[in-house]
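A closer look at the structure
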Amino acid sequence: VQSFLMVAELTVCQALNEVMEELRNRFDPQGFARLKQRIAIEMAEIAARLHRAKMFHKDLYLCHFFLDVERVLQNPCDVRLILIDLHRLEEHKFWADRWRWKDLGQLLFSTYGVPGIGARDRLRFWKHYRRAVALKSSAWHARMIGLKAERYLAHNRGAESS
C-alpha cells in the first residue's frame, strides 16, 4: 500500500524558532506578549488535538510549527500556525503517556535558547494544553516532560562536545 500527502506551499510562513526574534523587534513589549499568548494557545490546541486522538508527532520541535507571518503583521490577533513534518505521526492507543512525554519533552527542549521565549510562555502553553486534554495528575506529567527535555538537552550537549 502506498500513499502520499499533498500540501500547499508555505510561502509566507516561517518556523517559530526562526521568527520569534524578528517579531520581538517589530512589536512593542505589550504587543509581543499578546502575540506570544495567542501563539502558545494555538500550539497547545494543535498538540492537544493530536494527543486526544492518540496521535503523536514524534518530532514535535518548535521548528515544525510554521507561523503565517504576513497574516500576523497585518493583524496581530490573527495567528495561523501550521504543523509540518508529519511523516512520523502515528497512533498509540496504549502507553499514550510515554508518547505524550516524548512529544512535549521535545517541544519544551526546543524552546530553550530561542530569543523571546521564556518561562511564562512555557507555562501558558502547559496551562492550555492540560486543560484541552483534561490531563489528570498534571504535576506528574510535567515532571516526566521536564525529565525528557533534560535528556534531550544533555544529549545535545554531548553531541556538541564530540
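As shown above, the structure is provided for reference.
We now turn to the structure provided with this report.

Rules used throughout
- Residues numbered from 1 in each chain as written.
- Predicted model: local features only at pLDDT ≥ 70, side-chain atom pairs only at ≥ 80, totals over all residues.
- Heavy atoms only, no water.
- Helix = DSSP H or I, 4+ residues; strand = E, 2+ residues; numbered from the N terminus.
- Rg over C-alpha atoms; globule rule 2.2 N^0.38 Å.
- Contact = heavy atoms within 4.5 Å.
- Areas by Shrake-Rupley, 256 points an atom, 1.4 Å probe, with all protein chains shown as cover.
- Core = buried A, V, L, I, M, F, W, Y, C linked by side-chain atoms within 4.5 Å.
- Buried < 20%, exposed > 50% of the residue type's maximum accessible area, 1.4 Å probe, protein only.
- Salt bridge = Lys/Arg side-chain N within 4 Å of Asp/Glu carboxyl O.
- Phe/Tyr/Trp six-rings, centres within 6.5 Å; stacked < 30°, edge-to-face > 60°.
- Axes fitted to C-alpha atoms, helices over the stretch in contact; angles between N-to-C directions.
- Parallel < 35°, antiparallel > 145°, perpendicular 65-115°, else oblique.
- Left-handed = near helix turned anticlockwise from the far one by under 90°.
- Nonpolar A, V, L, I, M, F, W, Y, C, P; charged D, E, K, R; others polar.

**A word on the overall build of the chain**
- When helices and strands are counted, the chain shows 6 helices and 5 strands.
- Taken from N to C terminus, the helices and strands of the chain fall in the order β-α-α-β-β-α-β-β-α-α-α.
- Its C-alpha atoms give the chain a radius of gyration of 16 Å, near enough to 15 Å, the size a compact globule of 162 residues would have.
- In terms of overall dimensions, the chain has a C-alpha envelope of 45 × 40 × 40 Å along the principal axes.
- The long-range fraction of contacts in the chain, counting pairs at least 24 apart against all pairs at least 6 apart in sequence, stands at 76%.
- Only carbon and sulfur atoms are counted for the fraction: they give 52% of the accessible area of the chain, which is about 9,900 Å².

**Structural notes on the nonpolar core**
- Among the nonpolar cores identified, the biggest contains 41 residues, and L16 and Y129 are the most heavily contacted of them.
- Ranked by residue count, the leading element in this core is helix α2 (residues 29–52), at 10 residues.

**Examining the pattern of salt bridges**
- One pass over the structure, following the stated rule, counts 8 salt bridges.
- K58 is the partner of E90 in a salt bridge, and the nearest nitrogen-oxygen pair spans 2.6 Å. Taken as a pair, E90 in strand β5 (residues 90–91) and K58 in the loop between β2 (55–56) and β3 (65–68) lie far apart in primary sequence, 32 residues in all.
- Across the salt bridge formed by D68 and R80, the nearest N and O atoms sit 3.3 Å from each other. With D68 in strand β3 and R80 in the loop between α3 (69–74) and β4 (81–83), this pair connects stretches of sequence that are 12 residues apart.
- With a relative accessible area of 34%, R80 lands in the partly exposed category.
- Each of the salt bridges in this network shares a partner with another, and the network as a whole consists of D68, R71, D78 and R80.

**Observations regarding the packing of aromatic side chains**
- Taken as a whole, this structure holds 5 aromatic pairs when the rule is applied.
- Ring centres of Y61 and F109 lie 6.4 Å apart, and the angle between their planes is 75°; this geometry places the pair in the edge-to-face category. Of this pair, Y61 sits in the loop between β2 and β3 while F109 sits in helix α4 (residues 96–111), and the two are 48 residues apart along the sequence.
- Between W126 and Y129, the aromatic rings sit 6.0 Å apart at their centres with planes inclined by 20°, giving stacked as the arrangement.

**So, the packing of α4 against helix α5 (residues 119–132)**
- At a minimum axis distance of 11 Å, the contact between α4 and α5 shows a crossing angle of 160°. Classified by the interaxial angle, the pair formed by α4 and α5 is roughly antiparallel. Regarding α4 and α5, the two cross each other, and that crossing is right-handed. Residues R100, L104, L107, L108 and T111 of α4 form the contact with α5, whose own contacting residues are R122, F125, W126 and Y129.
- Among the residues forming the contact of α4 with α5, the class breakdown is 6 nonpolar, 1 polar and 2 charged.

**Describing the side chain of H128**
- Residue placement: H128 occurs in helix α5.
- For H128, a relative accessible area of 19% puts it in the buried group.

**Some remarks on the environment of R38**
- Position of R38 relative to the elements: it lies in helix α2.
- For R38 and D68, which are 30 residues apart along the polypeptide, the C-alpha to C-alpha distance reads 13 Å.

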